[in-house]
Amino acid sequence: MKALLNLIGKKPAMAEMVDYDPVIREIGDPDQITLPLEYTGQVRYTPIVTVGDRVRKGQAVATSRYGNTVIASISGMVSAITSVWTPQSVHAPAIVIDKDESPPLNPEELFTGPAPAGDSEAALLRLRAAGVAPPWALPGREWEEGKMIELPRIETVIITGVRQEITVLTSQLLADQQRDKAAAALTRIGTLLPGARICLTVPDTFKHWADAFFAGIAELHYLPPSYRGRIEREVVAKILGYRIPNRLSYRDHGVAVLDMEYLLALIDALDGKAALTHKCMTISGAGLPRAITVRFPLGSSLRHILNSQGLRFSDYTRSVIDGPMKGVAQFTDQTPITHYNGLHLISGDVAPFDPIAPCINCGRCTRACPVDIQVHLINRMVEFDQIEAARGLSPEACHECGLCAHVCPAQRPIVQLLHFCNRDMIHGERYTWTPGGIS
Ligand code: SF4
Ligand code: SF4
């Protein structure tokens, strides 16, 4: 009955970005930061400090086996090496630093001037030491049995000047406000990876200036103001002309994808100006007439970020890290925030899924799906424990973009069932999926 009622009820509209403050607001240092040391499937760091050590902003406090580093984003004393829940609801080891008044390391203490031009190896060492290892150097999943797996050379670099979630404005604000630096950075990437195709995605609202400004430096791809038109894996597929299966990293296919903010941080490190200590994030949603974008020290708590703008966690029913479609709702404002781009606030009653509602076979989910999988069939097979049958329908092609769940009138937990199917029930493995065509 509830499903039928929902059918005639009004579905909440997909979040739209209507207005925003273009000024990026600088947030001061918190009294304490927490730096997680593990990013599942990507990289794990080992502390190189111990409890009681004094550190200065800009100093490396942890390193991976390949020399990538985590940088202290405030000066202070290491008060704990512990474990915390990250915004992705994963438990990870972490370093906690309590602020003191020590000055930050200045660029001269951190670097010996700009990295030598034309020396890719020196550039890579510099970037790793500055906490801004580029995606063509990620050591996590490519490391097996003590050695690096042979990887193809990078043929394509894609800079996302527009983020997937339409409520996240970090990349486009930076691309717009730091055009000269962005252009110089794109040129620099070209020299670091000679012969690679350099692509830049930007909002189609930038067309009136971006063509002229970045022409000859990067191949421009304009994206519409819709979530569906910005799904990263789909955008990458359109640029490449083929889909990279979700179970494989872009790196496996000689592709590097990074966002505009990371590109600019990378250039700051190469130029000997700064290590990676700060991050931008757009806050949108309930009670905010205009979305705001802030820049905060990495490892700040969600509470510190909200309070800096006069907002309180307790005023919202959901605080969703990253965005309304793919984000993760937080259960505490103590969560440390590092590499996340958005915060979407929701107030009022939220009951997004009805776990017992039956599928009414309306087909909306399959029509919405960008990878054309039989969403409703897979879901029902998983629901009734027919995993082997579900295998034949390519569930591993799912991006977990959430479009199917958004249009489902029965409000079924579609993405959760797919996630369960792909990640948990098959021993954490995704199966082989033959990439299909691209419309
Ligand atoms: S989340 Fe739904 S719409 Fe998105 S790719 Fe997966 S099945 Fe398709
Ligand atoms: S799961 Fe798909 S087919 Fe079933 S009710 Fe929801 S949208 Fe319709």
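Within any chain, residue numbers begin from 1 and follow the written order of that chain's sequence. Following the order in which they are written, the chains are lettered starting with A and the ligands numbered starting with 1. The predicted nature of this model means local features are confined to residues of pLDDT at least 70 and side-chain atom pairs, given and counted, to a pLDDT of 80 or more, with totals for whole chains, interfaces and linings taken over all residues.

Peer 1: Give me the lowdown on the site of ligand 2, citing residues and values where you can.
Peer 2: As used in this record, a residue near a molecule or strand is one whose C-beta atom, placed from the backbone, is within 6 Å of it. As a matter of local geometry, ligand 2 sits amid 16 residues, with Cys359, Cys362, Cys365, His376 and Cys408 nearest to it. Every element with two or more residues in the shell around ligand 2 is listed here: α10 (364-368) and α11 (375-383). Tallying contributions element by element places α11 first for the shell around ligand 2, with three residues. In the scheme used here, Gly and all other residues not listed as nonpolar or charged are polar, with Ala, Val, Leu, Ile, Met, Phe, Trp, Tyr, Cys and Pro taken as nonpolar and Asp, Glu, Lys and Arg as charged. Looking at the shell around ligand 2 residue by residue, the class counts come to ten nonpolar, four polar and two charged. Numbering goes from the N terminus for both helices and strands, where a helix is a DSSP run of H or I of at least four residues and a strand is a run of E of at least two.

Peer 1: Give me the packing of helix α5 (residues 179-192) against helix α8 (residues 260-270): which residues, what numbers.
Peer 2: The contact between α5 and α8 brings their axes to 10 Å, and the two run at 75°. Taken together, the axes of α5 and α8 lie roughly perpendicular to each other. Contacts between α5 and α8 pair Lys181, Ala182, Ala184, Ala185 and Arg188 from the former with Met260, Leu263, Leu264, Ile267 and Leu270 from the latter. The residue inventory of the contact of α5 with α8, partitioned by class, reads eight nonpolar, no polar and two charged. Helix axes use the C-alpha atoms of the stretch in contact, all axes being lines fitted to C-alpha atoms, and the angles between their N-to-C directions lie in the range 0 to 180 degrees. Throughout this description, any angle smaller than 35 degrees is read as roughly parallel, any larger than 145 degrees as roughly antiparallel, any in the 65 to 115 degree range as roughly perpendicular, and the remainder as oblique. In this description, any two residues whose backbone-derived C-beta atoms lie within 7 Å of each other are considered to be in contact.

Peer 1: Run through the environment of Ala184, naming residues and quoting values.
Peer 2: Relative to the helices and strands, Ala184 resides in helix α5. Every C-beta atom is placed from the backbone, and the number of other C-beta atoms within 10 Å of a residue's own sets its class: buried at 20 or more, exposed at 12 or fewer, partly exposed in between. A count of 15 C-beta atoms within 10 Å places Ala184 in the partly exposed class. With 80 residues separating them in the primary sequence, Ala184 and Leu264 have C-alpha atoms 9.4 Å apart.

Peer 1: Quick one: what's the story with α8, residue by residue and with numbers?
Peer 2: Of all eleven residues in α8, eight are buried, a share of seventy percent or more. Among all positions in α8, only Met260, Glu261, Leu263, Ala265, Leu266, Ile267, Ala269 and Leu270 are buried. Looking at the packing, one finds that the buried side of α8 touches α3 (120-129), β13 (156-160), α4 (170-177), α5, β16 (255-259) and β17 (278-285). Taken from the residues just after α8, Gly272 is the one with a positive phi, measuring 75°.

Peer 1: Can you explain the confidence of the model for the chain? Please cite residues and give values.
Peer 2: Low-pLDDT stretches of the model should not have their predicted coordinates read in fine detail. Confidence per residue, as judged by the predictor, is encoded in pLDDT with a range of 0 to 100. Per-residue pLDDT for the chain averages 87, and the proportion of residues at 70 or more is 87%. Per-element averaging of pLDDT across the chain places helix α1 (residues 2-8) at the bottom with 47 and strand β19 (residues 300-301) at the top with 98. Taken together, the stretch residues 1-5 has pLDDT below 50 and engages in seven contacts with residues farther than four places along the chain or on a different chain. Contacts from residues 425-439, a stretch scored under 50 in pLDDT, to residues over four places away or in other chains number 22 contacts.

Peer 1: So, the nonpolar core: which residues are in play, and what are the values?
Peer 2: A set of buried residues drawn from Ala, Val, Leu, Ile, Met, Phe, Trp, Tyr and Cys, joined through C-beta atoms within 7 Å, is what defines a nonpolar core. With 111 residues, the main nonpolar core has Ala269 and Ile414 as its most contacted residues. At seven residues, α8 tops the list of elements feeding residues into this core. In this structure Ile414 touches Cys365, Val375, Asn379, Cys404, Ala405 and Cys408, once residues within four positions along its chain are discounted.

Peer 1: Outline the pairing of strand β20 (residues 318-321), supporting the account with residue identities and numerical values.
Peer 2: Strand pairing is defined by DSSP finding a minimum of two bridges between the two strands. Two elements, β20 and strand β23 (residues 342-346), share four bridges in a ladder whose sense is antiparallel. Paired with Arg318 across the two strands is Ile346, which belongs to β23. In this sheet, strand β21 (residues 328-329) lies alongside β20 in antiparallel orientation, the contact comprising two bridges. Residue pairing for β21: Val320 is matched across the bridge by Ala329. Between β20 and β21, which follow one another and run antiparallel, lie six residues, and Asp322 among them has a positive phi close to 100°.

Peer 1: Talk me through the sheet that holds strand β14 (residues 197-203); I want residue IDs and the actual numbers.
Peer 2: One key point about sheets: their strands pair by backbone hydrogen bonds, in either a parallel or an antiparallel sense. The four strands are arranged β15-β14-β13-β16 in an open sheet whose pairing can be described as parallel. Each of the sheet's edge strands pairs with one partner strand only, and the pair in question is β15 (219-223) and β16. Averaged over neighbouring strand pairs, the angle between their axes works out to 20° when direction is ignored. For β13 and β16, the ladder comprises five bridges, and the chain directions are parallel. The residue bridging Ile158 from the neighbouring strand is Val257, located in β16. Across the sheet, helix α7 (residues 232-240) is in contact with β13, β14, β15 and β16; its angle to β13 comes to roughly 140°.

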